[in-house]
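Examining the three-dimensional arrangement
Below, each chain spelled out in residue letters.
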Amino acid sequence: MKLALFLGCNVPTQAFNYEAAVRKVTDHFDVGLVDITDFGCCGEFTEGMDSFTSLVFSARNIALAEKKNLDILALCNGCFLSLSKARHELEDQQLRRKVNNVLGKINLSYKGKSRIFHFHQLMHDVIGTSKIKEKIKVRLDGVAISYQNGCHILRPSDVLQFDDPEEPKKLEELMSLTGAKVVRPTGTELCCGSFLLSHDTNAAYSLAIQSIEGKGKVDAIVVGCPFCFRQLDMGQIIARRKFGKSFEIPVVFYAQLLGLALGLNEKDLGFDQIHKISTANFLQKVKRSNG
Amino acid sequence: MAPPKKQDANVASESAPKMSENIPKELKGEHTLEDLNVCYQCGTCSGGCPVARIVPKYNIRRIIKEAREGRIDIANKILWFCSTCYLCYERCPQDVKPIQIVHEITNLVSKKGCAPMPIKEGNRSILATGRIVEVSRLTQQKRKQLGLPELKLDVSKDFRKIAKLTGLEEMVK
């Protein structure tokens, strides 16, 4: 299986630990990733300013993948939503013509052929839990982990059609395969607050802290979006600095967690990069439980 | 509250676009005034809104009500406080899709050149490099150490052309 790897803006610059882990992990499941170097912003940020331009930006990226006859693998929830939403909206032929009028000026055309997958969707729905189970080499029995799904992998559910928007289960299922004890957070629907950063940093981090508090006493928080990652990781630094609240819970991507369970090297999975809250204690605990 | 006099609305849109004006007439896309009217103000949207818990003055139910009555203050920065969690979209018993109405309002505000500076700045970055985050030399170095491919620094060409055609170029000024 071959997929165009859609990195967007944040993953390749602020969360390339996630990217590294995805590249390593997909290798184990015969998924070939193709880099399209002209991929750019997915369009999400522009929606508030001009929804039509945002739609054209998304369609432009999809059109690039279509030229190579490839489906798209998105790593960021934001990219997953905006590309999926474009696909959904462009079912409307009149709107599609309008978008293609613009794309025609840059010699591109949207046809609606390429499908969009999120990394978690690829693992759960395409590769499947039984195949993943077969490949687990290191059981993570000794650690307790919680998670943040993030919003744009769940909602709007009529567009994304991945998991239950109020009672999501798929990430939990994927995490459980590693053998780790999975702790359900209070508020599986909670938002990390990332979108508020531009307008009110206190409000943005208050949302993040609310999310962190909902995880309870765990060894790590698992995420699948670079925005959730930054909010919950950096949010702990801000919590200490500005709110007098002290946490020390590393935030890790599901791809990194799975990489550990597949027996991959922690450095190759980017555990010593980018993380503001150190992953050292978590990794040690994983090692201890494996003798 | 009485609806604003027509005269007031005209003055507002011509001089300083800061006063109330009749937003619904200008709402385009799939929403019409009729769609807004099916909202019976039950408060499911604002009740579940994660932002409202932290910033009580962000009241999505009230925004829908004011949009319907033509009382939106387009200069009010609170319109931009949606975290885009889509809970209101998911839960609305009348399928009003409140988040889409908020986007239609902020789109309209942006067309008048009144988007908040961080929003303009972010979009300018996209038009300058094709990404909202700039790729620094340090990023490239660290990526290389991790065995990741080099990123193309500037993928903005298509984005700039699109922005010229759709009018985004003007809105970010």
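Bear in mind the structure is a predicted one, so any value in this text is a computation, not a measurement.

1. Concerning the overall build of chain A
What chain A contains, in helices and strands, is 13 helices and 8 strands. For a compact globule of 291 residues, the expected C-alpha radius of gyration is about 19 Å, and chain A comes in at 19 Å, within 12% of that figure. Its C-alpha atoms put chain A at 60 × 45 × 30 Å along the principal axes. Expressed as a percentage of the 291 residues in chain A, the buried residues total 58%. By sequence separation, contacts in chain A at least 24 residues apart represent 77% of the contacts at least 6 residues apart.

2. Details of the interface of chain B and chain A
Of the residues lining the interface, 48 residues belong to chain B; the matching set on chain A comes to 47 residues. Elements with a minimum of two residues in the side of chain B that touches chain A: α5 (50-54), α7 (87-91), α8 (98-111), α9 (117-129), α10 (137-145), α11 (157-166) and α12 (168-171) of chain B. Counting residues per element, the side of chain B that touches chain A draws most heavily on α11 of chain B, at 7 residues. Here the side of chain B that touches chain A is built from residues that sort into 29 nonpolar, 11 polar and 8 charged.

3. A word on the packing of helix α3 (residues 51-67) of chain A against helix α5 (residues 93-104) of chain A
All names here are of chain A. At a minimum axis separation of 10 Å, α3 and α5 run at an interaxial angle of 70°. With respect to α5, the axis of α3 lies roughly perpendicular. You can see that α3 and α5 cross each other, and the crossing is right-handed. Contacts between α3 and α5 pair Leu55, Val56, Ala59, Arg60 and Ala63 from the former with Val99, Val102 and Leu103 from the latter. Of the residues assigned to the contact of α3 with α5, the class counts are 7 nonpolar, no polar and 1 charged.

4. Observations concerning the sheet that holds strand β7 (residues 220-223) of chain A
Residue and element names in this part refer to chain A. Ordered in space as β6-β5-β7-β8, the 4 strands form an open sheet in which the pairing is parallel. Either end of the sheet is taken by a strand with one partner, and the two such strands are β6 (181-182) and β8 (251-253). Summarising the sheet, strand β5 (residues 144-147) and β6 pair through 2 bridges and their orientation is parallel. Within β6, the position partnered with Ala144 by the bridge is Lys181. Against the sheet, helix α12 (residues 254-261) contacts β7 and β8, and its axis sits at roughly 75° relative to β8.

5. Points about the domain arrangement of chain A
All names here are of chain A. One can read the domain layout of chain A as domain 1 (2-118) and domain 2 (137-289). One C-alpha centre belongs to domain 1, the other to domain 2; they are set 24 Å apart. Opposite the 22 residues of domain 1 that make contact, domain 2 presents 25 residues. Elements represented by at least two residues in the side of domain 1 that touches domain 2 include exactly α1 (10-14), α2 (16-27) and α4 (77-89).

6. Section: unusual backbone geometry
Cis geometry is adopted by the peptide bond preceding Pro156 of chain A, which originates at Arg155 of chain A and carries an omega value of 0°. Inspection of the secondary structure assignment puts Pro156 of chain A in the loop between β5 and α8 (157-160). For Asp30 of chain A, which is not glycine, the phi dihedral falls at a positive 55°. Mapped onto the elements, Asp30 of chain A comes out in the loop between α2 and β2 (32-35). Its 10 C-beta neighbours within 10 Å are what place Asp30 of chain A among the exposed residues. The backbone of Lys97 of chain B sits at a positive phi, close to 55°, despite the residue not being glycine.

7. Describing the packing of helix α6 (residues 60-69) of chain B against α8 of chain B
All names here are of chain B. Where α6 meets α8, the closest approach of the two axes is 10 Å, and the angle between their N-to-C directions is 60°. The pairing of α6 with α8 is recorded here as oblique in orientation. The element α6 and its partner α8 pack so that their crossing is left-handed. Residues Ile60, Ile63, Ile64 and Ala67 of α6 form the contact with α8, whose own contacting residues are Pro98, Ile101, Val102 and Ile105. For the contact of α6 with α8, the residue count by class is 8 nonpolar, no polar and no charged.

Thresholds, definitions, all that
Residues numbered from 1 in each chain as written. Chains lettered and ligands numbered in written order. Predicted model: local features only at pLDDT ≥ 70, side-chain atom pairs only at ≥ 80, totals over all residues. Helix = DSSP H or I, 4+ residues; strand = E, 2+ residues; numbered from the N terminus. Rg over C-alpha atoms; globule rule 2.2 N^0.38 Å. Buried ≥ 20, exposed ≤ 12 C-beta atoms within 10 Å, placed from the backbone. Contact = placed C-beta atoms within 7 Å. Nonpolar A, V, L, I, M, F, W, Y, C, P; charged D, E, K, R; others polar. Axes fitted to C-alpha atoms, helices over the stretch in contact; angles between N-to-C directions. Parallel < 35°, antiparallel > 145°, perpendicular 65-115°, else oblique. Left-handed = near helix turned anticlockwise from the far one by under 90°. Pairing = 2+ DSSP bridges. Domains from an automatic or database assignment.

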